[in-house]
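These are the residues of each chain, in order.
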Protein chains: 2
Amino acid sequence: MFELSRRALLAGTAALAGAGAAGLPLRPAGAATPAAGRQVPSAYRYKVGDVEITAIADGMRTFPLPSGFVRNQTPEAVKAALKAAFLSDTQVSMPFTVLLLNVGGRLVLVDTGNGGEPGVVGQLRGTLGTLGIAPEAIDQVVISHFHADHINGLLLPDGTPAFPKAQVMVPEPEWAFWMDEGQMSRAPDAMKPSFQNVRRVFKPFEGKLERYAWDKEVAPGLTAVGTPGHTPGHTSFALESNFEEMFIQSDLTSIAALFVPNPSWQVQFDMDGPKAAETRKATLDRIAADRTRIAGYHFPFPAVAHLDKAGDGFRYVPVLWNPAML
Amino acid sequence: MFELSRRALLAGTAALAGAGAAGLPLRPAGAATPAAGRQVPSAYRYKVGDVEITAIADGMRTFPLPSGFVRNQTPEAVKAALKAAFLSDTQVSMPFTVLLLNVGGRLVLVDTGNGGEPGVVGQLRGTLGTLGIAPEAIDQVVISHFHADHINGLLLPDGTPAFPKAQVMVPEPEWAFWMDEGQMSRAPDAMKPSFQNVRRVFKPFEGKLERYAWDKEVAPGLTAVGTPGHTPGHTSFALESNFEEMFIQSDLTSIAALFVPNPSWQVQFDMDGPKAAETRKATLDRIAADRTRIAGYHFPFPAVAHLDKAGDGFRYVPVLWNPAML
């Protein structure tokens, strides 16, 4: 593993480095240093009790604001909320943050990112490499739901498993919905590719997947919590370790700037909008009342925060970044 | 420089890596992976016009809340503000973020961190190494004011210059105050070590320092802005490039959770509390009205935000982390 990790680290170097590591000759004093032109790999570590968590950005997609992005709001209200967050009101930027948990020496990945060749998304594997973590070191992958940005990273671009030694675990109700041939045949045409993608992604794991039930521990201290609406089997996770806790909300709340202050707003990706909103409000009310830390897949990197009750919604308070990991 | 950077990168490896890069043998499937136990180097890149900025955490100090931490407030009010920010109300955590600017190929460091051996602070040089940036590549260091957490990183632990090829620039009014023997002799005993530290740090640069005046460009597009009060010569910077701008506020506002919502509060480090508060309020009012991006040395990493007017103070809105640096 040392050789492999060393290679991975040197590969990671290209992403990390500016002129120096690109192998340029000694720069004469006063000569120009080219701009790095690329982001550093985005990773952040913190602890929940004895569990060490590494938040790893898979990237961020930016796209023109779709007219129906929030189903039950006017475009004007959506633009006003974006502007209040000092974001573009003509585009949406959606980050993706995967969590790697070290639970008693077991490496557990919660969701897998967008997969594919690395670019604005698909950065998970490269950043794992930079961190010195080989794909073979991942013991377990726990999937929250079957949208492509959560499951596609299970496979390499060539279609083979990206984490070859990992036990892959999926929510039973999510599996039941997406793998049902009747559901697929009754689905609107626009949704059929999603059903087909689920079949494509899980095919290499046939007979090897573990389907987990809600309210069960999927790893020590990590309990699956049913939070349906976004998808029929959408799952969050309650993490508890040594008297500390964190709620991993998956896609219960989409982009923080829009849906944390306005939990009744329904993003177009919520398959059952009203149910998603109901689940979201009830869950976030409890999180805020208990002052529980919350991680969100589409929250701004490093995607961990507290929520405070504010009006009809919540105020997003990012956890203070600790550069020293005390 | 390649060899040097490569060494630096491999040294950075220790900070970045988990088990793999520590040179452990191949981990058998299912064997425990030790926790990394350390933070990843904290760096974040963004652009202001054509200027590429790398925010680099020098670290964070956490200390028991001093009874007089906010001079003109009761401890109860301070504790309430900390609690509202989901922070400990018995401790203060103060982050330090240095900015590295690539201005047309010229590497400009704004402040230098705490120096010393790397630990909870003093991380700047190690992280520069991880990024592939040799100390010799820094062309210029611009100092905002002479508090130890901004200037001590000018020297290595052995007392020699940490950035040997850099032109060091200091604010003229700050120099005039701290180097004045009369000011030192009249200062309270508790402040005398600060005067002595200034003399110690700048001694190796004798005859080589450049003293800059307020309202002058210290680098292309980077203009010194006098914001006195925190110290007599405390300086902020207005950065403008290709029709974009950012205000680098240095220590105009201390810990964001306390002083952004309450700009009239005076931190114990403000040498002239009322003047600091007056400067802060006037400056932040303008920043908020203009919706200007603002970087702050003690803001939460990556220390860049927008401010929105809220009541008698401001709401802190962190800039959305972009993992892809579009």
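Now for a quick tour of the structure.

Cut-offs used in this document
- Residues numbered from 1 in each chain as written.
- Chains lettered and ligands numbered in written order.
- Predicted model: local features only at pLDDT ≥ 70, side-chain atom pairs only at ≥ 80, totals over all residues.
- Helix = DSSP H or I, 4+ residues; strand = E, 2+ residues; numbered from the N terminus.
- Rg over C-alpha atoms; globule rule 2.2 N^0.38 Å.
- Buried ≥ 20, exposed ≤ 12 C-beta atoms within 10 Å, placed from the backbone.
- Pairing = 2+ DSSP bridges.
- Axes fitted to C-alpha atoms, helices over the stretch in contact; angles between N-to-C directions.
- Expected span 1.5 Å × (residues − 1).
- Contact = placed C-beta atoms within 7 Å.
- Arc of directions from axis to C-beta.

## Here's the deal with the overall build of chain A
Thinking step 1. If you tally the helices and strands in chain A, you get 9 helices and 14 strands.
Thinking step 2. Over its C-alpha atoms chain A spans a radius of gyration of 20 Å, differing by no more than 12% from the 20 Å that the globule rule assigns to 326 residues.
Thinking step 3. Oriented by its inertia axes, the alpha-carbon framework of chain A measures out at about 60 × 50 × 45 Å.
Thinking step 4. Within chain A, the proportion of its 326 residues that are buried is 51%.

## Observations regarding the sheet that holds strand E7 (residues 210–212) of chain B
All names here are of chain B.
Thinking step 1. Taken in spatial order, the 7 strands make up an open sheet running E1-E2-E3-E4-E5-E6-E7, and their pairing is mixed. The open sheet has two edge strands with one neighbour each: strand E1 (43–48) and E7. Ignoring which end each strand starts from, the neighbouring axes of this sheet average 25 degrees apart.
Thinking step 2. When strand E5 (residues 140–142) meets strand E6 (residues 167–171), the two strands line up parallel, connected through 3 bridges. In the strand pairing of E6, Gln-140 is matched with Gln-167.

## Some points on unusual backbone geometry
Thinking step 1. Backbone torsion omega between Phe-301 of chain A and Pro-302 of chain A reads 5 degrees, so that peptide bond is classified as cis.
Thinking step 2. The topology assignment puts Pro-302 of chain A in the loop between strand E12 (293–295) and strand E13 (304–310).
Thinking step 3. A positive phi angle, close to 70 degrees, is found at Asp-111 of chain B, a residue other than glycine.
Thinking step 4. Tracing the sequence through the fold places Asp-111 of chain B in the loop between strand E4 (106–110) and helix H3 (124–130).
Thinking step 5. On the basis of neighbour counts, which here come to 25 C-beta atoms within 10 Å, the residue Asp-111 of chain B falls in the buried class.

## Considerations on helix H9 (residues 273–290) of chain A
Residue and element names in this part refer to chain A.
Thinking step 1. Between the first and last C-alpha of H9 there are 26 Å, a value that for 18 residues agrees with the 26 Å anticipated at 1.5 Å per step.
Thinking step 2. Lining the buried residues of H9 we find strand E11 (244–248), E12, E13 and strand E14 (313–318).
Thinking step 3. In the segment just after H9, Arg-291 is the residue with positive phi, at about 55 degrees.

## Brief notes about the sheet that holds strand E5 (residues 140–142) of chain A
Residue and element names in this part refer to chain A.
Thinking step 1. Read from one edge of the open sheet, 7 strands run E1-E2-E3-E4-E5-E6-E7, paired in mixed fashion. In this open sheet, the two edge strands, each paired with only one partner strand, are strand E1 (43–48) and strand E7 (210–212). Within the sheet, the average angular offset between the axes of one strand and its neighbour, ignoring direction, is 25 degrees.
Thinking step 2. Judged from the 5 bridges that link them, strand E3 (residues 91–103) and strand E4 (residues 106–110) form a sheet pairing that is antiparallel. By the bridge assignment for E4, Leu-101 is matched with Val-108.

## Observations regarding the pairing of strand E3 (residues 91–103) of chain B
Residue and element names in this part refer to chain B.
Thinking step 1. The buried count for E3 comes to 11 of 13 residues, which makes it a mostly enclosed element.
Thinking step 2. Alignment of strand E2 (residues 51–64) against E3, held across 12 bridges, turns out to be antiparallel. Along E3, the bridge assignment pairs Ala-57 with Thr-97.
Thinking step 3. Count of turn residues in the E3/E4 antiparallel hairpin: 2 residues, of which Gly-104 carries a positive phi of about 60 degrees.

## Some words on helix H2 (residues 75–84) of chain B
Residue and element names in this part refer to chain B.
Thinking step 1. Within H2, the full set of buried residues consists of Val-78, Ala-81 and Leu-82. One side of H2 holds all its buried residues, which, seen down the axis, span an arc of 100 degrees.
Thinking step 2. In the core, the buried residues of H2 are packed alongside helix H8 (256–259).
Thinking step 3. At the exit of H2 stands Phe-86, carrying a positive phi of roughly 60 degrees.

## Section: the environment of Glu-136 of chain B
Thinking step 1. Relative to the helices and strands, Glu-136 of chain B is located in the loop between H3 and E5.
Thinking step 2. Separated by 28 residues in the primary sequence, Glu-136 of chain B and Pro-164 of chain B have C-alpha atoms spaced 5.9 Å apart.

## Quick word on the pairing of strand E13 (residues 304–310) of chain B
Residue and element names in this part refer to chain B.
Thinking step 1. Pairing of strand E12 (residues 293–295) with E13 involves 2 bridges; the strand directions are antiparallel. Pairing of Ala-295 across the sheet is with Val-304, part of E13.
Thinking step 2. Direction of pairing for E13 relative to strand E14 (residues 313–318): antiparallel, over a ladder of 6 bridges. Bridged to His-306 within E14 is Val-317.
Thinking step 3. Counted between consecutive antiparallel strands, the loop separating E13 from E14 contains 2 residues, among which Gly-311 sits at a positive phi close to 60 degrees.

Function cannot be inferred from these measures alone, as they are strictly geometric.
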